[in-house]
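Examination of the molecular architecture
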Amino acid sequence: MSVLDPQLSSNPASSPASSLASSPAWSRRRALGTLAAGGLSGAALMGAPWVRAAGGKKLTLSWSGTALCLLPVVVARDRGFFEKNQVDVDVINFAGSSDQVLESLATGKADVSLGLIHTWLKPLESGFDVKVVGAAHAGCIRVLSGQDSKLSSVDKLKGAVIGVGQPNGFGRQFMSTYLARKGINPDTEVEWKTYPPDTLDVAFKKGEINLIVDADPNLFLIERRNPGQFREIASILTGDFKDRLCCLIAARGALVRENRPQVAAVVRSLTQAALFIAENPGEAAKVALTYLPQKVTAADIRSILTAQLDYRHHPQGVALRNEIEQYAADLKNVGVLKKSTDPARFANFLTVDVLA
């Protein structure tokens, strides 16, 4: 069997139990409850030492340096979580497409990366030797309607004209799966229009679209430029997608097979950084200001971190595999994934519980 065939069944994820040290500001009681809800075993946390990285070369972590949702990367780097877990990581900004990012992992040009599940599952279906080893957080994508619009919920969107930032990007994929869940055909019963993300509000005010699907900080800035004109009617944090991950942590397959402790140390570092963000949004906002190109303040970023992103959601093991399967089934249902792809086998093939 080829390790590059995503439709072949691999061993299912084992017990979701894993060890995770709490960040300095993260109380033991809150950590246990949150980790259990996210699929990580609190029992494994109690009294367990951090797993130390077993040597190996310096790892390269590639990411998009403009994504606020991937803030755990810079927090882990700048706040010393990588060093605390004894793993040497070089963080590089990779501005390529999802396919290029995953190819860089499969070919050994990078070792670990993070990205939106809606943009990664399709290229991963093609057979990159890349394993999903964790989740960065929940939340990201939101849906805005006019403040007084009759388009007040997803099940009322038949005939809507929807504006997105990319023709087949995360916004359209997310909204297509949500529409299909409500019995609306995303290909024939709505219309899609694409604009540069920061002009979506202009298209809305011109009457060219009546719905916007995108992520923060862009939507935050749109709402701030147009006070009182928009309302959120859906997101990954609510409704059908409540408590579902948004961004994945992936590693090259060969590294997972050859030095799992190193990969585990990276996942642990990113998770600890995410928990730090959840507990210290003000401090995290200051870190984000060092790389975000948008004209936002620390107060703006803090608002987004506390209201629009859930940095406490980190499914691992069986929980992670199950969420991948749910997303794969949704994307298969709207034609993004192949009809021949089995969501359960696909999820089993993709996920590895490096913290077990």
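Residues numbered from 1 in each chain as written. Predicted model: local features only at pLDDT ≥ 70, side-chain atom pairs only at ≥ 80, totals over all residues. Heavy atoms only, no water.

1. Observations regarding the overall build of the protein chain
Within the protein chain, the secondary structure is distributed over 15 helices and ten strands. Relative to all contacts within the protein chain whose residues are 6 or more apart in sequence, the contacts with residues 24 or more apart total 80%. On the protein chain, roughly 14,100 Å² of surface is accessible, and the fraction owed to carbon and sulfur atoms is 50%. (Helix = DSSP H or I, 4+ residues; strand = E, 2+ residues; numbered from the N terminus. Contact = heavy atoms within 4.5 Å. Areas by Shrake-Rupley, 256 points an atom, 1.4 Å probe, with all protein chains shown as cover.)

2. Notes on the state of the cysteines
Inspection of the entire model under this criterion finds zero disulfides. The structure places no disulfide on C69, whose sulfur is separated from the nearest cysteine sulfur, that of C140, by 3.5 Å. Left unpaired, C140 is separated from the closest cysteine sulfur, that of C246, by 3.3 Å. Residue classification places C140 among the buried residues on the basis of a relative accessible area of 6%. (Disulfide = S-S within 2.5 Å. Buried < 20%, exposed > 50% of the residue type's maximum accessible area, 1.4 Å probe, protein only.)

3. Structural notes on the pattern of salt bridges
Summed over the entire model, instances satisfying the criterion amount to 21 salt bridges. Close ionic contact of R142 with E223 constitutes a salt bridge, the shortest N to O distance being 2.8 Å. With R142 in strand β5 (residues 141-146) and E223 in helix α9 (residues 218-225), the pair connects residues that are 81 residues apart, well separated along the chain. Among the residues examined, E223 registers a relative accessible area of 25% and is labelled partly exposed. The partner of R244 in a salt bridge is D330, with the nearest N and O atoms 3.4 Å apart. Taken together, the residues span a long stretch of sequence, with R244 in the loop between β9 (230-235) and β10 (245-252) and D330 in helix α14 (residues 318-333) at a distance of 86 residues. The pair R244 / D330 is uniform in exposure class, with both members buried. Here the salt bridges share partners, and the residues they tie into one network are R181, K182, D240, R244 and D330. (Salt bridge = Lys/Arg side-chain N within 4 Å of Asp/Glu carboxyl O.)

4. Focus on the sheet that holds strand β3 (residues 112-116)
Note: strands within a sheet are paired through backbone hydrogen bonds, in either parallel or antiparallel orientation. Spatial strand order, β2-β1-β3-β10-β4: five strands in an open sheet with mixed pairing. Only two strands of the sheet have a single neighbouring strand rather than two, namely β2 (89-93) and β4 (130-138). Taken pair by pair, the neighbouring strands of this sheet meet at an average axis angle of 25°, ignoring direction. Summarising the sheet, β3 and β10 pair through five bridges and their orientation is antiparallel. Its bridge partner lying in β10, G115 is registered against L248. (Pairing = 2+ DSSP bridges. Axes fitted to C-alpha atoms, helices over the stretch in contact; angles between N-to-C directions.)

5. Some thoughts on helix α5 (residues 98-106)
Every α-helical turn comprises 3.6 residues, leaving residues that sit three or four positions apart pointing alike. Among all positions in α5, only S98, V101, L102, S104 and L105 are buried. All buried residues of α5 fall inside an arc of 155° around its axis, so they share one side. Tucked inside the fold, the buried residues of α5 contact β1 (59-63), β3, α6 (117-125), β4 and β10. Two residues or fewer after α5 comes G108, characterised by a positive phi angle close to 85°. (Arc of directions from axis to C-beta.)

6. Considerations on unusual backbone geometry
The linkage connecting D216 with the following residue, P217, adopts the cis geometry, with an omega of 10°. Relative to the assigned elements, P217 resides in the loop between β8 (211-215) and α9. The backbone of C140 shows a phi angle near 160°, a positive value even though the residue is not glycine. Counting through the fold element by element, C140 comes out in the loop between β4 and β5. In the Ramachandran plot, D243 falls in the positive-phi region, its phi being about 65° despite a non-glycine side chain. Checked against the element boundaries, D243 lands in the loop between β9 and β10. With a relative accessible area of 45%, D243 lands in the partly exposed category.

7. Describing the pairing of β1
Judged by how many residues are buried, β1 sits mostly within the fold: five of five residues are covered. With five bridges connecting them, β1 and β2 associate as parallel partners. If you follow L59 over to β2, its bridge partner there is V89.

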